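Inside the fold
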Amino acid sequence: GDSVTQMEGPVTLSEEAFLTINCTYTATGYPSLFWYVQYPGEGLQLLLKATKADDKGSNKGFEATYRKETTSFHLEKGSVQVSDSAVYFCALSDPAGGTSYGKLTFGQGTILTVHP
Amino acid sequence: DGGITQSPKYLFRKEGQNVTLSCEQNLNHDAMYWYRQDPGQGLRLIYYSQIVNDFQKGDIAEGYSVSREKKESFPLTVTSAQKNPTAFYLCASSIRGQGKSYEQYFGPGTRLTVT
C-alpha cells in the first residue's frame, strides 16, 4: 500500500538557518504530493503541493520538488524564522483505483523548533 | 469567509458515554473526512464521505460512526466501544473528481478527553 516516511524529529534550528525535512514515499500510481503545517493546538494548513514529476511547489519561502526517480519530496527553506516553529507533515494522494481517490496518506510529522 | 468549523474545541466525557463531534463546511465541497491524531503517530483516517448519504470506513473505523445527511455536515460519533477515545480529532473536506486528487482543507480540530 501507499506510505510516506519523514525524517525523525524533532529538528531544532537557530533563526536564519537552512531547513531541510526529508520525505520519501511509496505509491502504486502517480501520486500528488503535499506538505502541511500544523501550529500548536490548531488544524493542518496546506503549505505547498506538486502534482507531477519535476513540479516544484513553493509558498512563504518554503520549497519542495517532486522527484520521481528518488520518490522524494523534501521540504526546504533558506532562512527559517521563529514563527516557522510547528509540526510539518508530508502527505500523498494516489488517484489510482476507484475508491482511493481523494484520500491522503500522511507521514508521522516532524516537529520543528526555531530559536532566536 | 469560507471554511470548516468544528465544535467544541475541547470536549470532556466520562467513560462509557457516546459523544458526537460536529463538523460543518461552507466550501461547497462534496468530500469530507475524519482523522484522528495521536502524539507521534501522524493522522489516521476514521471515515470519509464522497457524497451525501454515502460514506466509507477508513483505516480505524471501529468504535466510531458517522452520518452524511447534508452536504455541509459530517458529524462523528465516538461510541463507548472505542477502546482509547482520548485524542485530537480533525475534520477535512475536498472537492471530488474521479481519477484526480485534490488537497484537503482542515478544520481547527476537537480535543476529546475521556476519563
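Residues numbered from 1 in each chain as written. Chains lettered and ligands numbered in written order. Predicted model: local features only at pLDDT ≥ 70, side-chain atom pairs only at ≥ 80, totals over all residues. Heavy atoms only, no water.

**A word on the side chain of A:Q38**
Looking at where A:Q38 falls in the secondary structure, it is placed in strand 5 (residues 32–38). Every residue in contact with A:Q38, bar those within four places of it in the chain, is listed here: A:G43, A:L44, A:A86, A:V87, A:F89, B:Q37, B:F88 and B:L90. (Helix = DSSP H or I, 4+ residues; strand = E, 2+ residues; numbered from the N terminus. Contact = heavy atoms within 4.5 Å.)

**Overview of the nonpolar core**
With 25 residues, the main nonpolar core has A:L19, A:W35, A:L48, A:F73, A:L75 and A:Y88 as its most contacted residues. At the level of secondary structure, the elements contributing two or more residues to this core comprise strand 2 (11–14), strand 3 (19–21), strand 4 (23–26), strand 5, strand 6 (44–50), strand 8 (62–65), strand 10 (86–93) and strand 12 (110–115) of chain A. The biggest single contributor to this core is strand 10 of chain A, with four residues. One finds B:V19, B:L21, B:A61 and B:V66 within the second-largest nonpolar core, a separate group that totals 19 residues. (Core = buried A, V, L, I, M, F, W, Y, C linked by side-chain atoms within 4.5 Å. Buried < 20%, exposed > 50% of the residue type's maximum accessible area, 1.4 Å probe, protein only.)

**What to know about the interface of chain B and chain A**
Reports often express the size of an interface as the amount of accessible area lost when the parts come together. Contacts between the two partners involve 25 residues from chain B and, on the opposite side, 21 residues from chain A. Carbon and sulfur atoms supply 53% of the area that chain B and chain A bury against each other, a total of about 1900 Å² over both sides. Our count for the contact surface shared by chain B and chain A stands at one salt bridge. Residues B:E103 and A:K49 are paired through a salt bridge, measuring 2.8 Å at the closest nitrogen-oxygen approach. Our count for the contact surface shared by chain B and chain A stands at five residue pairs in polar contact (both at pLDDT 80 or more). Put simply, the parts of the chain that give the side of chain B that touches chain A at least two residues each are strand 4 (31–37), strand 5 (43–51) and strand 9 (87–94) of chain B. Top contributing element to the side of chain B that touches chain A by residue count: strand 5 of chain B, with four residues. In terms of residue class, the side of chain B that touches chain A is built from 10 nonpolar, 11 polar and four charged. (Buried area = accessible area lost by both parts, 1.4 Å probe. Salt bridge = Lys/Arg side-chain N within 4 Å of Asp/Glu carboxyl O. Polar contact = N/O pair within 3.5 Å; in protein donor to acceptor, adjacent residues only side chain to side chain. Nonpolar A, V, L, I, M, F, W, Y, C, P; charged D, E, K, R; others polar.)

**A look at the environment of B:G2**
Residues and elements named next belong to chain B. For G2, the position within the fold is in the segment before strand 1 (4–7). Along the sequence, G2 and R96 sit 94 residues apart, while their C-alpha atoms lie 17 Å from each other. With near-sequence residues (within four places) excluded, G2 lies in contact with N26 and L27.

**Notes on the state of the cysteines**
Chemically, a disulfide is nothing more than a covalent bond linking the sulfur atoms of two cysteines. Under the defined criterion, the tally for this structure stands at two disulfides over all chains. One disulfide bridge connects A:C23 with A:C90, the sulfur atoms lying 2.0 Å from each other. Across the S-S bond of A:C23 and A:C90 the torsion is about -70 degrees, and the bridge reads as left-handed. With A:C23 in strand 4 and A:C90 in strand 10, this pair connects stretches of sequence that are 67 residues apart. A single burial state applies to A:C23 and to A:C90, both of which are buried. Each sulfur of the disulfide joining B:C23 and B:C91 lies 1.9 Å from the other. Classification of the bridge connecting B:C23 and B:C91 rests on its S-S torsion, roughly -75 degrees, and on that basis the disulfide is left-handed. One end of the pair, B:C23, is in strand 3 (residues 19–25); the other, B:C91, is in strand 9, and 68 residues separate them in sequence. With respect to burial, B:C23 and B:C91 carry one shared label: buried. (Disulfide = S-S within 2.5 Å.)

**Concerning the packing of aromatic side chains**
Applying the stated rule across the entire model yields 13 aromatic pairs over all chains. Aromatic side chains A:F89 and A:F106 sit 6.2 Å apart centroid to centroid with 90 degrees between the ring planes, which places their arrangement in the edge-to-face category. Pair noted here: A:F89 is in strand 10 and A:F106 is in strand 11 (residues 105–106), with a separation of 17 residues, a long-range link. Accessibility classification places A:F89 together with A:F106 in one group, the buried group. Ring geometry for B:Y47 versus B:F55: centroids 6.0 Å apart, planes at 80 degrees, classification edge-to-face. For B:Y47, a relative accessible area of 7% puts it in the buried group. (Phe/Tyr/Trp six-rings, centres within 6.5 Å; stacked < 30°, edge-to-face > 60°.)

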